[in-house]
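Architecture and fold: a report
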Amino acid sequence: MPTPVVLDCDPGHDDAIAILLAAGSPEIDLRAITTVAANQTLDKVTSNARRICSAAGISVPIARGSAQPLVRPLYVAEDIHGESGMDGPAFGALSVGVVQEHAIDVMHAHMPATLVATGALTNVALYLRRYGPSAVREIVLMGGSTERGNTTPYAEFNIYVDPEAAQIVFTSGVPITMIGLNVTHQALVTPEILAQLNALGSLGRICGELMTFFATTYREVFGFAAPPLHDPVAVARVIDPSLVTCVEAFVGIETTGTFTRGATVVDLHGRLGREPNALVAVGLDVDRFFGLVIDAVRRLT
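Residues numbered from 1 in each chain as written. Predicted model: local features only at pLDDT ≥ 70, side-chain atom pairs only at ≥ 80, totals over all residues. Heavy atoms only, no water.

Going by an unreviewed UniProt entry, the chain carries the name Pyrimidine-specific ribonucleoside hydrolase and comes from Lentzea waywayandensis.

This is the structure we're talking about:
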């Protein structure tokens, strides 16, 4: 049976591909898409969710969530995702609307399900505060790192935006799988992958244009030869867990450090003496991963 999934996201170039992967995979029953401010403002990321769903003919409820982190000002990634949050393609008319209910209420309406979170964890934390953890089968999130960060030297963007929300999530008792930069940086959209996407009709060309813009900013900001496709790795873990190698570990969230706000302290060797609270990704079958992505886009074309 397909795995029921609610996808909480902040589109975002890689979030857009994550939406396509979830919607185009027979192993997933995509029940709803919820949006959270992070890569760009809530209005912009919600419009972007509508844009990619309209382009791909995806018809699931889309619900707006939190416009601000729990306690901090919003920090957006305009240097990576552009002014719109999803710069690059020229999208057509919107054919998909937004439901009136708040994201966390839409999440609850579609539980029990796996919650895949590819943005800041604000909505997920608010959901857990209001409804508790019992209906969530598991949380698979893109965020954090066992190594270095990408927003500060030790903080990955999604956790940096709302570390207080991340702390709530990682202490909730819900089964958590953390897909961090140490793994997603293996999922590079090479020229060969880009060519495969561009060959998949109009939707494939939209994906290619998204990745071309993403490649430019990643080259300019980080010096990457090809852009990493972060968020779809979390979806791929749900589709086929064997694609992503994970180990049990305690993950602490740094909320007060002068230079380390938003860092994920991943105790891979048990030095802190704390019980593991997450499965932490440490490896990725890159070829099989991109096979899933290409197949999903092809099904939606």
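Re the overall build of the chain
Test applied: Counting from the N terminus, the helices are DSSP H or I runs at least four residues long and the strands are E runs at least two residues long. In this setup the radius of gyration rests on C-alpha atoms only. A globule is expected at 2.2 Å times the number of residues raised to 0.38. Relative accessibility decides the category of a residue: with a 1.4 Å probe and only protein chains considered, values under 20% of the type maximum give buried, values over 50% give exposed, and everything between is partly exposed. Residue contacts are counted whenever heavy atoms from the two residues lie within 4.5 Å of one another. Accessibility throughout is a Shrake-Rupley quantity obtained with a 1.4 Å probe, and a residue counts as covered only by protein chains that appear here. Positive residues here are Lys and Arg, negative ones are Asp and Glu, while His and the chain termini are left out of the count. To locate a charge, take NZ of a lysine, CZ of an arginine, CG of an aspartate or CD of a glutamate.
Check the secondary structure of the chain and you find 12 helices and nine strands. Against the compact-globule benchmark of 19 Å for 301 residues, the chain has a radius of gyration of 17 Å, which places it among compact chains. For the chain, the spread of C-alpha atoms along the principal axes amounts to about 50 × 40 × 40 Å. The buried share of the chain, reckoned over its 301 residues, is 58%. For the chain, restricting intrachain contacts to residue pairs at least 6 apart in sequence, the fraction spanning at least 24 positions comes to 81%. Within the structure as shown, the chain displays about 11700 Å² of accessible surface, and the carbon and sulfur contribution to it stands at 51%. For the chain, the separation between the mean place of its 19 positive charges and that of its 30 negative charges on side chains is 3 Å.

A closer look at the UniProt feature "domain: Inosine/uridine-preferring nucleoside hydrolase" (unreviewed entry) in the chain
Defined as follows: UniProt positions are given in the numbering used here, feature names are shortened, and annotations may be inferred rather than shown by experiment.
As recorded in UniProt, the feature "domain: Inosine/uridine-preferring nucleoside hydrolase" (unreviewed entry) lies at residues 5–290. In the segment residues 5–290, helix accounts for 37% and strand for 19%; the C-alpha atoms at its two ends are 20 Å apart.

Section: the packing of aromatic side chains
Aromatic rings in a pair are described by how distant their centres are and how their planes are angled relative to each other. Applied cut-off: Geometry of aromatic contacts follows a simple scheme: Phe, Tyr and Trp rings, the Trp one being its six-membered ring, pair when their centres are within 6.5 Å, and the pair is stacked under 30 degrees between planes, edge-to-face over 60, tilted otherwise.
As enumerated under the stated definition, the model contains eight aromatic pairs in all. Ring geometry for Y75 against F157: centres 6.1 Å apart, planes inclined by 45 degrees, an arrangement best described as tilted. Pair noted here: Y75 is in the loop between β3 (62–64) and α3 (78–81) and F157 is in helix α6 (residues 157–161), with a separation of 82 residues, a long-range link. Note on F222 and F224: the rings are 6.1 Å apart at their centroids and 65 degrees apart in plane angle, and the pair reads as edge-to-face. The class of F222 is partly exposed, set by a relative accessible area of 33%.

Regarding the side chain of N48
Structurally, N48 is set in helix α2 (residues 42–56). When its relative accessible area of 1% is taken as the criterion, N48 is described as buried.

Details of α2
Our working definition: By definition here, a helix of n residues has an expected span of 1.5 Å times n minus one.
With 15 residues, α2 should reach 21 Å at 1.5 Å per residue; the first-to-last C-alpha distance of 21 Å fits that figure. Those residues of α2 lying buried are L42, V45, T46, N48, A49, I52, C53, S54 and A56. The secondary structure elements touched by the buried residues of α2 are α1 (13–23), β2 (28–35), β3, α10 (201–222) and α12 (286–300). Directly beyond the C-terminal end of α2, a positive phi value near 70 degrees is found at G57.

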